[in-house]
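Residues per chain are reported as follows:
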Amino acid sequence: MVNRSHDSDDDREQPKPVVLITGCSQGGLGHALARAFAANDCTVVATSRSLSSMADFEPDPRFFLQELDVQSDESVRRVTEAVVRKYGRVDVLVNNAGIQCVGPLAEVPLSAIENAFGTNVFGSLRMVQAVVPHMATRKQGKIVNVGSVSALASGPWSGAYSASKAALHALTDTLRLKLALFGIDVVNVVPGAIKSNIGNSALARYDRMPELELFKPFEARIRERANFSQRSRTTPADMFAKNTVAVILKKNPPAWFSYGPYSTAMAIMYHLPICVRDFILKKIMKC
Ligand SMILES: NC(=O)c1ccc[n+]([C@@H]2O[C@H](COP(=O)([O-])OP(=O)(O)OC[C@H]3O[C@@H](n4cnc5c(N)ncnc54)[C@H](OP(=O)(O)O)[C@@H]3O)[C@@H](O)[C@H]2O)c1
């Protein structure tokens, strides 16, 4: 007969980690991450600006679906409270929601740049500020910020996006040091080129900007830049998600995890002398 009273802690059933992910629209990285966390026995709070963009998750009890706009205080507060009320905790926050912003910095409307920073930087920080009190009380948790390799070598036509991701990387580094005091791990996930809707969404936003003047002759190159990460050498989102989730769920996750095409090349670019980096970027971006 098995003596249950001597079961070790490891034998006891652990509660499933509760993972809150932003930007889970179908076709993107957040959606693939949600699926990969669910496949790893996590309870997934999948969020996006519209429930209809996650309709395929609807019948699956592993997902708790919520509408969430990271730019809205009210929306972030409402969802965080709903999750804590339902599960009592958030174990992992994945700040995945993000937008690209293409165009020449000298002509892109400031409102478009503010929108990129509002989503990528302040949206992520808003989520962090909402969940940290709950994680700190329990002295555990993981915060995952999704950065970008484009922050490692800021090239033409994507300055606003690269700057917003560089800001997020810097915030992530500070958060990692400060939140360790409360038992919270902070991970910077830095994707290379991964298949998603990011290029098409960027083009749709670019088409709503006023006509270019000074940089009009570069129109075609700017459009190419929007879809640079979506060309032939692109890693499927599911593959990215599977590998990323395996790293995040480790007991001691790394501070930095970069995955996908260009991740090594961009890490090398980061360390090159500026004149060499400029030369390469001008060649690649044809400017
Ligand atoms: N794909 C790549 O090659 C690549 C490379 C480096 C970094 N990344 C980063 O990976 C993350 C995911 O991007 P993706 O490639 O999967 O692009 P995507 O397919 O366009 O997905 C972006 C997600 O963010 C959501 N979003 C945008 N604004 C939001 C807001 N205010 N509140 C909540 N959600 C919002 C979008 O929602 P809607 O559907 O409502 O617009 C969508 O669900 C981003 O942070 C991106 O910068 C991607």
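Residues numbered from 1 in each chain as written. Predicted model: local features only at pLDDT ≥ 70, side-chain atom pairs only at ≥ 80, totals over all residues.

The helix and strand inventory of the protein stands at nine helices and seven strands. For the protein, the C-alpha radius of gyration of 20 Å lies close to 19 Å, the compact-globule estimate for 287 residues. The dimensions of the protein, computed from C-alpha atoms along their principal axes, are 80 × 40 × 35 Å. With 287 residues in all, the protein has 42% of them scored as buried. Partitioning the intrachain contacts of the protein with sequence separation of at least 6 by distance along the chain shows that 74% fall at a separation of at least 24. (Helix = DSSP H or I, 4+ residues; strand = E, 2+ residues; numbered from the N terminus. Rg over C-alpha atoms; globule rule 2.2 N^0.38 Å. Buried ≥ 20, exposed ≤ 12 C-beta atoms within 10 Å, placed from the backbone. Contact = placed C-beta atoms within 7 Å.)

Here the focus is the UniProt feature "domain: Ketoreductase" (unreviewed entry) in the protein. Cross-referencing UniProt, the feature "domain: Ketoreductase" (unreviewed entry) maps to residues 17–190 in the present numbering. Within residues 17–190, the helical portion is 44% and the strand portion 18%, while the C-alpha atoms at the span's ends are 23 Å from each other. (UniProt positions renumbered as here; feature names shortened; annotations may be inferred.)

A separate point is the site of the ligand. Near the ligand you find 32 residues, and of these Gly23, Ser25, Gly28, Gly98 and Ser196 are the closest. Counting residues per element, the ones that place at least two in the shell around the ligand are helix 1 (29–39), helix 3 (110–138) and helix 5 (198–207). Here the residues of the shell around the ligand sort into 11 nonpolar, 19 polar and two charged. (Near = placed C-beta within 6 Å. Nonpolar A, V, L, I, M, F, W, Y, C, P; charged D, E, K, R; others polar.)

The strand order across the open sheet formed by seven strands is 3-2-1-4-5-6-7, and the pairing between neighbours is parallel. Two strands close off the open sheet at either side, each with one partner strand: strand 3 (63–67) and strand 7 (256–259). The mean inter-strand angle of the sheet, taken between neighbouring strand axes irrespective of direction, is 15 degrees. Here strand 1 (residues 18–21) pairs with strand 2 (residues 43–48) via four bridges, running parallel. Looking at the pairing, Val19 lines up with Val44 of strand 2. (Pairing = 2+ DSSP bridges. Axes fitted to C-alpha atoms, helices over the stretch in contact; angles between N-to-C directions.)

So, on to the nonpolar core. Grouped together as the largest cluster of nonpolar side chains are 55 residues, with contacts concentrated most on Val19, Ile21, Leu33, Ala34 and Val44. Counting residues per element, this core draws most heavily on helix 1, which supplies seven residues. Those residues in contact with Leu33 that lie beyond four places of it in its chain are Ile21, Val94, Asn96, Ala241, Thr244 and Val245. Listed in part, the 13 residues of the second largest apolar core include Cys101, Val102, Trp157 and Ala226. (Core = buried A, V, L, I, M, F, W, Y, C linked by C-beta atoms within 7 Å.)

What follows is about helix 5. Taken residue by residue, helix 5 has Ile198, Gly199, Ala202 and Tyr206 as its buried positions. Along helix 5, the residues classed as buried sweep out an arc of 95 degrees about the axis, all on the same side. Helix 5 presents Ala204 and Asp207 as exposed residues on the side facing more than 90 degrees away from its buried surface. (Arc of directions from axis to C-beta.)

Phi at Lys139 is positive, roughly 55 degrees, even though this residue is not glycine. Within the secondary structure, Lys139 is located in the loop between helix 3 and strand 5 (141–146). Under the C-beta neighbour-count criterion, Lys139 is labelled exposed, with 10 such atoms within 10 Å. Within the chain, Trp157 stands out as a residue other than glycine whose phi angle is a positive 75 degrees. Here Trp157 shows up in the loop between strand 5 and helix 4 (159–179).

Attention now moves to the packing of helix 1 against helix 7 (residues 237–248). Between helix 1 and helix 7, the shortest axis-to-axis distance is 8 Å and the interhelical angle comes to 50 degrees. Classified by the angle between their axes, helix 1 and helix 7 sit oblique to one another. For the element pair helix 1 and helix 7, the recorded crossing hand is right-handed. For the pair helix 1 and helix 7, contact is made by Leu29, Ala32, Leu33, Arg35, Ala36 and Phe37 and by Ala237, Asp238, Phe240, Ala241, Lys242, Thr244 and Val245, respectively. Looking at the contact of helix 1 with helix 7 residue by residue, the class counts come to nine nonpolar, one polar and three charged. (Parallel < 35°, antiparallel > 145°, perpendicular 65-115°, else oblique. Left-handed = near helix turned anticlockwise from the far one by under 90°.)

Time to look at the environment of Leu175. Among the secondary structure elements, Leu175 is positioned in helix 4. Counting along the chain gives 32 residues from Leu175 to Ile143, while the straight-line C-alpha distance between them is 9.1 Å. Those residues in contact with Leu175 that lie beyond four places of it in its chain are Val128, Ile143 and Val186.

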